[in-house]
Amino acid sequence: MNILVVRNDKLGDFITALPTLYVLKRHDPRNRIVALVAPLNRSLAESCDFIDEVIVDGGGDILELAFKIREAKIDASITLFSNTRVAIAQFLARIPIRIAPATKIAQIFYNRRIQQRRSRVEMAEFEYNLQLARALFAQIDLDFPKPLLRFDDTAYRVFCAEYGITRPVVAFHPGFGGSSDANWTLGEYVELVRIAEACGAVDVVMTFGPDEEALCEEAAALLGTQSRTHLYRSRGSVVDFAHVLSSFKLFVSTSTGTYHLASACGCETFTFFADTLFASASRWKSIGDEAGQHHYMIPQNPQGREAMFERVKRELKSRLEAGL
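Rules used in this analysis
Residues numbered from 1 in each chain as written. Predicted model: local features only at pLDDT ≥ 70, side-chain atom pairs only at ≥ 80, totals over all residues. Heavy atoms only, no water. Helix = DSSP H or I, 4+ residues; strand = E, 2+ residues; numbered from the N terminus. Rg over C-alpha atoms; globule rule 2.2 N^0.38 Å. Buried < 20%, exposed > 50% of the residue type's maximum accessible area, 1.4 Å probe, protein only. Contact = heavy atoms within 4.5 Å. Core = buried A, V, L, I, M, F, W, Y, C linked by side-chain atoms within 4.5 Å. Phe/Tyr/Trp six-rings, centres within 6.5 Å; stacked < 30°, edge-to-face > 60°. Pairing = 2+ DSSP bridges. Right-handed = clockwise from strand over helix to strand, strands pointing away. Axes fitted to C-alpha atoms, helices over the stretch in contact; angles between N-to-C directions. Parallel < 35°, antiparallel > 145°, perpendicular 65-115°, else oblique. Left-handed = near helix turned anticlockwise from the far one by under 90°. Nonpolar A, V, L, I, M, F, W, Y, C, P; charged D, E, K, R; others polar.

(A) Structural context of the overall build of the protein. Helices and strands together make up the secondary structure of the protein, namely 13 helices and 12 strands. Whereas a compact globule of 324 residues would reach a radius of gyration of roughly 20 Å, the protein reaches 21 Å, a difference of no more than 12%. Structurally, the protein occupies a C-alpha span of about 60 × 45 × 35 Å along its principal axes. When each of the 324 residues of the protein is scored for burial, the buried share is 55%. A separation of at least 24 residues holds for 63% of the contacts in the protein among residues at least 6 apart in sequence.

(B) Quick look at the nonpolar core. With 57 residues, the main nonpolar core has Leu18, Leu24, Phe248 and Leu261 as its most contacted residues. The element that contributes the greatest number of residues to this core is helix α10 (residues 238-245), accounting for 6 residues. Non-local contacts of Leu18, meaning those with residues more than four positions away in its chain, are made with Cys48, Phe50, Leu148, Leu149 and Ile287. Formed by 32 residues, the second largest nonpolar core is a distinct cluster that contains Tyr189, Ala219, Phe270 and Met308.

(C) Spotlight on the side chain of Lys313. Here Lys313 is to be found in helix α13 (residues 302-321). If sequence neighbours within four positions are ignored, Lys313 has contacts with Glu191, Leu192 and Ile195.

(D) Here's a closer look at the environment of Arg70. Looking at where Arg70 falls in the secondary structure, it is placed in helix α4 (residues 62-71). On the basis of relative accessible area, Arg70 is assigned to the partly exposed category, the value being 44%. Between the C-alpha atom of Arg70 and that of Ser47, which follows or precedes it by 23 residues, the distance is 23 Å. Filtering out sequence-adjacent residues up to four positions away, Arg70 remains in contact with Leu92, Ala93 and Arg94.

(E) The arrangement of the environment of Val244 in detail. Within the secondary structure layout, Val244 lies in helix α10. Look at Val244 and you get buried, because its relative accessible area is 5%. For the pair Val244 and Val86, spaced 158 residues apart in sequence, the C-alpha separation works out to 34 Å. Not counting chain neighbours up to four residues away, the residues in contact with Val244 comprise Ala155, Tyr156, Phe159 and Tyr232.

(F) Looking closely at the packing of aromatic side chains. Under the criterion given, the structure shown has 16 aromatic pairs. When the centroid spacing of 5.9 Å and the interplanar angle of 90° are considered together, the rings of Phe126 and Phe144 count as edge-to-face. With a gap of 18 residues between them, Phe126 in helix α6 (residues 125-133) and Phe144 in the loop between α6 and α7 (154-163) connect regions that are remote in the sequence. Given a relative accessible area of 5%, Phe126 falls into the buried group. Classification of Phe144 as buried rests on a relative accessible area of 13%.

(G) Just the pairing of strand β5 (residues 97-101), in detail. The buried fraction of β5 amounts to 5 of the 5 residues, a majority that puts the element mostly inside the structure. Relative to β5, strand β4 (residues 76-79) runs parallel, the two being bridged by 3 bridges. Its bridge partner being in β5, Ser77 is matched across the sheet by Arg98. Tracing the backbone out of β4, into helix α5 (residues 84-92) and back to the parallel element β5 gives a crossover that is right-handed. Both β5 and strand β6 (residues 112-114) contribute to a ladder of 3 bridges, which runs parallel. When the bridges of β6 are listed, Pro101 appears paired with Ile114.

(H) Layout of the packing of helix α8 (residues 186-197) against α13. Running from N to C, α8 and α13 cross one another at 25°; their axes reach a closest spacing of 9 Å. Taken together, the axes of α8 and α13 are roughly parallel relative to one another. Note that α8 runs across α13; the crossing there is right-handed. Where α8 abuts α13, its residues Glu188, Glu191, Leu192, Ile195 and Ala196 lie against Arg305, Phe309, Val312, Lys313, Leu316, Lys317 and Leu320. For the contact of α8 with α13, the residue count by class is 7 nonpolar, no polar and 5 charged.

Right, here's the structure in full:
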């Protein structure tokens, strides 16, 4: 069976789709798994051995998208997050079985509509995604390995040689590209970095996306010339960053795509979430081992925020002293 799985939004959202893609392929290796993704996620999708083909949706004309889908000769589609445009494109492509959550006006273009009510946050996003696979195969096994993404350490060894890194890496990622509802200030991240710098058993890295040059320069100014923290700007693809990230020991960030990538690669995480149900860890925990995920909800009121930051500092110091 040729199965299309649609998750064509941001990096973290696509990573929540990976378990669904994996279990569909494992259920019957003869299934041809086709992923419809945003351009940002193309390299990551192509690196997964449980995805057979990738269709890139650049957000253009509906008829163009429908043609791409029809060319793939799809027997069934599972749309994990829908909008009217992708719904119409699949309808025009004449996919016989079209599965999606029963939400918004887009649901009229699907012929298997599943009630989920994700706003209730009765499970995590990736678990809602997995449940949709059961609309196609009722007896499918929804378990998946953790970490799901595995990379060799070749790129990491090159990274270590370039930056003079000889000890386990604790990384801080202060940016979030507008995809998170809560975060610390750059100054507060620098406070956390100082705690890690005081631990002689680790090397400290601050990571920045390719469009975060100004943030990187600001961090360098705050850290000063005596800091031993390495500033790393990711300039390649998501997969290039994943190759390096997968060998880090701890990744500290807000709930953004890089957090999901780190956890999916098996890296331990300290992650910050907004203190609301919709943006919480209950909804957006990653697909990695839960034992390696440390979640912190940042209150909106100043007193609660300050108290949470003090807790983060204590627990980061304790984790470092325990030797990671």
